[in-house]
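As a plain string of letters, each chain reads:
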Amino acid sequence: MIVNLSTGRTVWQGQAIESGKDLKMYIDAAAIAHLNDDMLARLGIKSGQNIKIIAPEGDVVVKAVATKENLPEDTIYIPLGPWANRVVDPTTNSTAMPCFKNIPVDIMPTDEEVLDMPTLMKVYGKV
Amino acid sequence: MSEIIITPKIQSNVPLEIPNVKPDVFAGKSIDEIKEVEIYQGNEIVKLSEFFEVEGESAETPGEIKIIIDGDASNIKRIGQGMTAGEIIVKGDVSMYVGLDMKGGKIIVEGNAASWAGQTMKGGELEIMGSAGDYVGSSYRGDWRGMSGGFITIHGNVGYEIAEYLSGGKIVVKGNANHMPGIHMNSGVLIIEGNVTSRTGGEMSGGTIIVKGVMDEFLAGFKYLGIERDIQVNGEDIPGVFYKFTGDYAIKGAHGTVYVAVAGNKHIVP
Amino acid sequence: MELVNNVICPFCGTLCDDIICKVENEEIVGTYNACRIGHSKFVHAEGAMRYTKPLLRKNGEFVEISYDEAIEKAAQILVDAKRPVMYGWSCTDCASQEVGMELAEEVRAVIDNTASVCHGPSLLAVHDTGYPVCTLGEVKNRADVVVYWGCNPFHAHPRHIARHSYARGFFRERGRPDRTMIVVDPRNSDTAKLADIHLQLEYNKDYELVDAMRSALKGHDILYDEVAGIPREQIIGAVEALKKAQFGILFFGMGITHSLGKHRNIDTAIMMTQELNQFAKWTLIPMRGHYNVNGFNQVCTWESGYPFCVDFATGEPRYNPGETGTNDLLQNKEADAMMVIASDPGAHFPQRALQTMIEIPLISIEPHRTPTTELADLIIPPAIVGMEAEGTAYRMDGVPLRMKKVVESDLLTDNQILTKILERAQELEASK
């Protein structure tokens, strides 16, 4: 399903980055996507199940959760962090600023696991 | 006209800046002297001959010199910066700032150009056979005066915010333009023969924009004036049937004009 | 247990200055007054890794090295590079930033801070249009119309609303009831839920909406019946509400700096704020994220003339976000070395930038295990400013505040680390 991806702060994500980005708290706060109830229904999944997000520059698995802050139609919201940044649009349009909001992405239910932070960063292949 | 051929022999890992490669600097120099001309490799000054073969024949005045950059210049910035006369032909792609602050003469890029082609250009002619990036003919950051004279032609497509703060001269885009062409335009002429996405002429205070293709969206700060046929802009006849708008009234005292071809654009008329 | 009063919180640009820290055996074990995020910064969480020794990556594994070895290595990397970039700076004090500027000039680097991915568009807009700013004290005491455009302080600046726009002030004796709160956001955010007026615009349409509002403000018709999904009448109604303010304040955040058009959205929003002053007193404050992101922009401007993205490659400062932004340098594969301090681009840069970060030598001056340190070749741990070191920070409204040292630390401060790297770099450059 093609949807509009937005990213940004949540207080839980803020708490987690200051507590420790190597803690489970960070995964629970930032490796999640907020969805409206109707989108969960359309995907045929319940809050707490995983979805895969595919964008031209990369893909990522996150946990879908029902949002408390209702979103515009066809929009999902991922707190900023290394999971969201797998699928944002890096182009800066010559302004220094990448496109962190309003990016078309494809989402689908998945059985794949959410990666923790160190495992996720290994995807980049630093040696 | 004498020809000086500059051939890239190795590619640098960081960008090169070659504002000194122009007829104004080469005039009166021998080929051996030209090889000694200083260029920047990142934060270091190196000699032109470290990265380029130089051959051909020089001349006494810039107007008699044609420089041919024979190869890939996609990692080379500031080609023809501030040139006043003569010619530069690039046989491949170029990086940022081709024709920056150009005052005269002619530059032809046979490939594509990155952003800021013709930034603050004041005269002369810049022709790009391929596509160009963002900010074609724009201002320096923070300035309210962009390109003020000369003529830019882009045969391919262009990116965001072209003709930003345009203050004179003419830009013609044969392909499509992305968001915000002619933003903050003060005067001058911008012709887009292809399609545009949105925000054409945003906050423009003067000048003329002509869009011959399809415009996805337009701004609510403009006023619709009606249909005009076979228009004349700065003495040039432009055939066709156009919707005419003026604005952008978000700006006090604005008197910019936007013509949009009637074909395919009924949706932007109120 | 000891209580330390009037501590300034080193998390967000609100710089709350009323925190009380509970200290036991040179460790902060609790706080009063801090928000959920601030508390997490002050109090160490069980299980989170804090680096205590510099680390060097050798054959894919980190090995402990001394500070002296780490500083030698960092200086070598910066001096050897032809296009180094020094990024971050937003979670450290102004004096350290000042040393950073000198280091950047010495090694002819590009220096840039996290504004690049946050309020950089606002900085670009400010030098196009100006900056009609006021202090948060004026907001508290005077503002009767408060606009939050594209920001969600309930989550990002948790105490901002309570301290500045809900609080009782000199001319706003009843606090919240004396103010009209307008929120512009496509989401029904927790902040929007509290608004008197919620303009729920379509995403990526901020520019279109402001364009229509500015045109209406000058008495012109709005060309279309609906702009950004909002009917003409509602736009005109909102403009009238802004005009009737006694003292209006526009707070704006990432919702508008990240949306299509980026700096052009801010540019036109600032212009609207200026123009509203024909009818009422109007001011604005960007909702700055990191506690001293503003401080770097101040330091950088007084040192070089430009607020961020400053390129010292030719020895003199040059500036062009889009070319000299850290994301541009990484994505265009221009940078050949990177130093990160007081920020986490590994977490907050897009994938394409990270693909270059792993290819070049990466120095990370960072107290904790982060996505950036996962990619780093060299990690140098500092004492944390605002907790273990004192220093000056600039609040989002441009008011400088002196941050306290609450507890002692054995680690070098950012300032000491940078000064040592600078001294070594000067020696290496001199021997070139």
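Calculation criteria
- Residues numbered from 1 in each chain as written.
- Chains lettered and ligands numbered in written order.
- Predicted model: local features only at pLDDT ≥ 70, side-chain atom pairs only at ≥ 80, totals over all residues.
- Heavy atoms only, no water.
- Helix = DSSP H or I, 4+ residues; strand = E, 2+ residues; numbered from the N terminus.
- Rg over C-alpha atoms; globule rule 2.2 N^0.38 Å.
- Buried < 20%, exposed > 50% of the residue type's maximum accessible area, 1.4 Å probe, protein only.
- Contact = heavy atoms within 4.5 Å.
- Areas by Shrake-Rupley, 256 points an atom, 1.4 Å probe, with all protein chains shown as cover.
- Lys, Arg positive; Asp, Glu negative; His and termini not counted.
- Charge placed at Lys NZ, Arg CZ, Asp CG, Glu CD.
- Buried area = accessible area lost by both parts, 1.4 Å probe.
- Salt bridge = Lys/Arg side-chain N within 4 Å of Asp/Glu carboxyl O.
- Polar contact = N/O pair within 3.5 Å; in protein donor to acceptor, adjacent residues only side chain to side chain.
- Nonpolar A, V, L, I, M, F, W, Y, C, P; charged D, E, K, R; others polar.
- Axes fitted to C-alpha atoms, helices over the stretch in contact; angles between N-to-C directions.
- Parallel < 35°, antiparallel > 145°, perpendicular 65-115°, else oblique.
- Left-handed = near helix turned anticlockwise from the far one by under 90°.
- 1 Å grid on protein atoms, 1.4 Å probe; cavity = no way out; pocket = protein on both sides within 12 Å on 5 of 7 lines; lining within 4 Å.
- Points joined across faces, edges and corners; volume = space filled by probe spheres on them.
- Pairing = 2+ DSSP bridges.
- Core = buried A, V, L, I, M, F, W, Y, C linked by side-chain atoms within 4.5 Å.
- Expected span 1.5 Å × (residues − 1).
- Arc of directions from axis to C-beta.
- Phe/Tyr/Trp six-rings, centres within 6.5 Å; stacked < 30°, edge-to-face > 60°.

Draft legend 1. Here's a closer look at the overall build of chain B. Counting its secondary structure elements, chain B contains three helices and 17 strands. Its C-alpha atoms give chain B a radius of gyration of 20 Å, within 12% of the compact-globule value 18 Å for 270 residues. When burial is assessed residue by residue, chain B has 61% of its 270 residues classed as buried. Across chain B, contacts joining residues at least 24 apart in sequence account for 38% of those joining residues at least 6 apart. Taken as a whole, chain B presents about 9,300 Å² of accessible surface, with 46% of it coming from carbon and sulfur. Computed over 23 positive and 35 negative side-chain charges, the inter-centroid distance for chain B is 7 Å.

Draft legend 2. Just the interface of chain C and chain A, in detail. Counting residues at the interface gives 65 residues for chain C and 51 residues for chain A. When chain C packs against chain A, close to 4,800 Å² is buried across both sides, 58% of that on carbon and sulfur atoms. When the buried area of chain C at its contact with chain A is split by residue, Arg187, Lys262 and Gln351 of chain C rank highest and sum to 15% of it. For the pair chain C and chain A, the number of links is four salt bridges. In this structure, the salt-bridge partner of Arg187 of chain C is Glu69 of chain A, at a minimum N-O distance of 3.4 Å. Summed over the shared surface of chain C and chain A, the number is 24 residue pairs in polar contact (both at pLDDT 80 or more). Elements represented by at least two residues in the side of chain C that touches chain A include exactly helix H1 (36-42), helix H4 (120-129), helix H6 (153-156), helix H10 (254-257), helix H13 (326-331), helix H14 (345-348), helix H15 (351-357) and helix H16 (371-375) of chain C. The element contributing the most residues to the side of chain C that touches chain A is H15 of chain C, with five residues. Looking at the side of chain C that touches chain A residue by residue, the classes come out as 28 nonpolar, 23 polar and 14 charged.

Draft legend 3. Summary view of the packing of helix H3 (residues 94-106) of chain C against helix H12 (residues 293-304) of chain C. Residue and element names in this part refer to chain C. Viewed as axis vectors pointing N to C, H3 and H12 meet at an angle of 40 degrees, and their least axial separation amounts to 9 Å. Regarding the angle of H3 to H12, the classification is oblique. H12 is crossed by H3, and the crossing has right-handed handedness. Along the contact surface, H3 presents Cys94, Gln97, Glu98 and Met101, while H12 presents Gly295, Phe296, Val299, Cys300, Glu303 and Ser304.

Draft legend 4. Structural detail: empty space enclosed by the protein. Residues and elements named next belong to chain C. This structure, assessed with the given rule, holds seven cavities of 30 Å³ or more. Here the second largest cavity defines a volume of roughly 90 Å³. What lines the second largest cavity is a set of 13 residues, and nearest its centre among them are Val147, Trp149, Met213, Leu242 and Met272. Counting only elements with at least two residues in the lining of the second largest cavity, the list comes to strand S8 (145-149), strand S9 (180-184), helix H9 (232-243) and helix H11 (263-276).

Draft legend 5. View of the side chain of Asn320 of chain C. Within the secondary structure, Asn320 of chain C sits in the loop between strand S16 (318-319) and H13. Discounting chain neighbours no more than four positions away, the residues touching Asn320 of chain C are Tyr97, Trp116 and Arg141 of chain B together with Cys309 and Gly325 of chain C.

Draft legend 6. Representation of the pairing of strand S3 (residues 50-55) of chain A within the structure. All names here are of chain A. In terms of residue burial, S3 counts as a mostly covered element, since five of its six residues are buried. Pairing geometry for S3 and strand S4 (residues 58-66), over six bridges, is antiparallel. Across the sheet, the residue bridging to Ala55 is Gly58, located in S4. Taking the residues that link successive antiparallel strands as the turn, the S3-S4 hairpin has two residues. As paired elements, S3 and strand S6 (residues 101-109) share four bridges and run antiparallel to each other. The residue of S6 that forms the bridge with Ile51 is Pro109.

Draft legend 7. Representation of the sheet that holds strand S2 (residues 16-17) of chain B in the model. Residues and elements named next belong to chain B. A sheet is described by the order of its strands in space; here four strands give the open sequence S4-S3-S2-S7, paired in mixed fashion. Both outer strands of the open sheet, strand S4 (44-47) and strand S7 (76-77), are each paired with one neighbouring strand and no more. Two elements, strand S3 (residues 38-41) and S4, share four bridges in a ladder whose sense is antiparallel. Counted as the bridge partner of Tyr40 is Ile45 from S4.

Draft legend 8. Layout of the pattern of salt bridges. What the rule picks out here adds up to 55 salt bridges over all chains. Here Lys193 of chain C ties to Asp190 of chain C by a salt bridge, and the two come within 2.9 Å at their closest N and O atoms. Residue Lys193 of chain C is classed as partly exposed on the basis of its relative accessible area of 43%. Here Asp190 of chain C falls in the partly exposed class, since its relative accessible area comes to 23%. Across the pair Glu429 of chain C and Lys432 of chain C runs a salt bridge whose closest N-O atoms are separated by 3.9 Å. What makes Glu429 of chain C partly exposed here is its relative accessible area of 21%. Owing to a relative accessible area of 60%, Lys432 of chain C belongs among the exposed residues under this scheme. Each member of the salt-bridge network shares a partner with another, and the members are Glu17, Lys77 and Arg78 of chain B together with Arg83, Asp311, Arg318, Glu323 and Glu334 of chain C.

Draft legend 9. Highlighting the nonpolar core. One finds Phe26, Ile79 and Val98 of chain B together with Trp149 of chain C to be the most contacted residues of the largest nonpolar core, which totals 107 residues. With seven residues, helix H8 (residues 206-217) of chain C is the single largest residue contributor to this core. Grouped together as the second largest cluster of nonpolar side chains are 76 residues, Ala29, Ala31 and Met97 of chain A together with Ile360 of chain C included.

Draft legend 10. Molecular detail of helix H17 (residues 414-430) of chain C. Residue and element names in this part refer to chain C. Spanning 17 residues, H17 covers 24 Å between terminal C-alpha atoms, matching the ideal 24 Å at 1.5 Å per step. Inspection of H17 places Asp414, Ile417, Leu418, Ile421, Leu422, Ala425 and Leu428 among the buried residues, and these make up the whole buried set. When H17 is viewed along its axis, its buried side chains cluster within an angular range of 130 degrees and face the same direction. Each element contacted by the buried residues of H17 is listed here: helix H2 (67-80), H3, strand S17 (337-341), strand S18 (362-365) and strand S19 (378-380).

Draft legend 11. Geometry of the packing of aromatic side chains. Taken as a whole, this structure holds 14 aromatic pairs over all chains when the rule is applied. The interplanar angle of 70 degrees and the centroid separation of 5.2 Å between the aromatic rings of Tyr26 of chain A and Trp83 of chain A together place this pair among those described as edge-to-face. Taken together, the positions of Tyr26 of chain A in helix H2 (residues 24-30) and Trp83 of chain A in the loop between strand S5 (75-79) and S6 put the pair 57 residues apart, joining distant regions of the chain. Residue class for Tyr26 of chain A comes out buried when judged on its relative accessible area of 0%. Centroid distance Trp89 of chain C to Phe296 of chain C: 6.1 Å. Interplanar angle 20 degrees. Geometry classified as stacked. Of this pair, Trp89 of chain C sits in the loop between strand S6 (84-88) and H3 while Phe296 of chain C sits in helix H12, and the two are 207 residues apart along the sequence.

Draft legend 12. Region of interest: unusual backbone geometry. Note that the residue after Gly247 of chain B, namely Asp248 of chain B, is joined by a cis bond; omega there is 0 degrees. Examined against the element boundaries, Asp248 of chain B turns out to sit in the loop between strand S16 (236-247) and strand S17 (256-261). Even without glycine at this site, Asp101 of chain B takes up a positive phi of about 60 degrees. The residue Asp101 of chain B is located in the loop between strand S8 (87-90) and strand S9 (106-109) in this model. In this model, Cys309 of chain C sits at a positive phi of 55 degrees, which is unusual for a non-glycine residue. Within the secondary structure, Cys309 of chain C is located in the loop between H12 and strand S15 (310-311).

Draft legend 13. Seen up close, the sheet that holds strand S3 (residues 27-32) of chain C. All names here are of chain C. The sheet built from three strands is open, its strands ordered S1-S2-S3 with antiparallel pairing. With one partner strand each, in any of the chains shown, strand S1 (2-7) and S3 form the two edges of the open sheet. In this sheet, adjacent strand axes meet at a mean angle of 30 degrees when their direction is disregarded.

Draft legend 14. Up close: the environment of Pro177 of chain C. All names here are of chain C. Along the chain, the position of Pro177 falls in the loop between helix H7 (160-165) and S9. Pro177 gets classed as exposed once you look at its relative accessible area, which sits at 53%. Separated by 121 residues in sequence, Pro177 and Gln298 have C-alpha atoms that sit 36 Å apart.

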